[in-house]
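# Reading the structure
Okay, here's what each chain looks like letter by letter:
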Amino acid sequence: MKKKKAYIYILILTLVSFFTISSICNQCTGLASEDKETIITETEEETAVEESHEEEIEEEAAEEESEEEEASGEQAEAPTIELKIYEGPIYSPADDLCYYRVKAVVTGSPAPEVEFSKDDSGGAWGEYKTQININDPADTYKLTATAANSEGSAADSVNLAWGCNFPPELSGIIVDCDTPCTDETYALTAIISNPDGDVLSFKWSVNGGTIDDIHAYPAMWNTPAASGEFDITLEVFDANGGSDALTESFIVEPSIKTVDIPFVNTAESGYIEEGLMVYNNFSIFAGDTLNDNMVRGYISYDITGLADTAIIDASLSFEVSQVIGAPSFMDLWVGVTEWGPGPLVISDYDLTGVGIESFNTPSFICSAEKLKTELQKAIDSGKTRFQVRIHFAKNIPDGDGLWDGWTYEKDEVRFIVVYSVS
């Protein structure tokens, strides 16, 4: 009996322990389940938050893109490109080349980037522009440009050749005289390079003298009255805008002229029989007369036209027209005296004078330096006359009661003067 009660007691304790343990386990299981549910819930919430944030970023980017599109009014678009020459062909004399400037006209969104096959300006003219140099008339170049953006690309090309105008070039002005002189007229031409064979026009100018027609070619230059250094300028133009200009200086020398000065055909010229009378016929005479009087001849020249000149040379040429009798009065002297612009009078026989040169033949040329010197003196002192006398050295008649001497026609006594305008 006691043993049976012991078993019952043990059984009860066992059941109590079992239920106690079960209760505890259930509580642990419940706690674990609650913790698991909490963790799962937190993870799901974090994932949802991240997904929501990404969606917000995408929405903002879409909104920004939409706003940009709305602001620009454009949709994404593939590019187009067209090449246009906006300057040229133009010739550069400094580089001896012909150049073009070309721009690319492009469309597309976003804005395309343009790449040229060549740019001789090194980008100097800015975006979408290039310069191509053609260095020789025989050269050509095919310019290609590509425009590209995110939506695609496009290309265009243009063929470029020389095409430039060669402007005329001046390398010299020519006066048709090696030593131009004052108060003369000379033709003007020039050394001109005109490779294109263009029709040319001209414009001349001078700072001394005048040009008959400043647009003529050749032009005629009337030199100034005074000597010196003067400039001649020529401008030349072609029909395509090309031009050149050149100025050259020329020395204008005093004009050298030769003149046969006529005698004054009035009573200023003739011959005088000593103490007796004046003869004003067509000749001059030196010798003696049938009255056994000595005779002297006189000839007058108007030198007003030689004012302000420099005498280079002078000569008197006497060609005898008649030898009368047998003159024996020694040499014949040519001298210079002065009786003025008026008729000869008997007293002029005794005028003082300057001997120039003597001769022992009836025909002769007087060209001594002294003649030139005396003529220059008369010019410089403002004289209007240069007057010459002839007479024999021996001033004593031969007493034969006959005319003896040498006769010269007035218009055959040649007074040749070479001079320059100072």
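Look a little higher up for the structure.
A brief report on the enclosed structure follows. (Residues numbered from 1 in each chain as written. Predicted model: local features only at pLDDT ≥ 70, side-chain atom pairs only at ≥ 80, totals over all residues. Heavy atoms only, no water.)

This part covers unusual backbone geometry. Geometrically, the link from G88 to P89 is a cis peptide bond, its omega value of 5° lying close to zero. Take P89: it is sitting in strand β1 (residues 77-92). Here the phi dihedral of D96 falls at roughly 55°; this positive angle occurs in a residue that is not glycine. Topologically, D96 is positioned in the loop between β1 and β2 (97-109). When its relative accessible area of 42% is taken as the criterion, D96 is described as partly exposed. The phi dihedral of M330 is positive, around 70°, even though this residue is not glycine. For M330, the location among the structural elements is in the loop between β20 (322-324) and β21 (332-337). (Helix = DSSP H or I, 4+ residues; strand = E, 2+ residues; numbered from the N terminus. Buried < 20%, exposed > 50% of the residue type's maximum accessible area, 1.4 Å probe, protein only.)

Counted according to the given criterion, the structure contains one disulfide. Put simply, C98 and C164 are joined by a disulfide, and their sulfur atoms are 1.9 Å apart. Since a negative S-S torsion denotes a left-handed disulfide, the C98-C164 link at about 85° is right-handed. Taken together, the residues C98 in strand β2 and C164 in the loop between β6 (152-161) and β7 (169-175) connect sequence positions 66 residues apart. Cysteine C177 remains unbridged, with the sulfur of C181 as its closest cysteine sulfur at 5.8 Å. Its relative accessible area of 12% is what places C181 among the buried residues. (Disulfide = S-S within 2.5 Å.)

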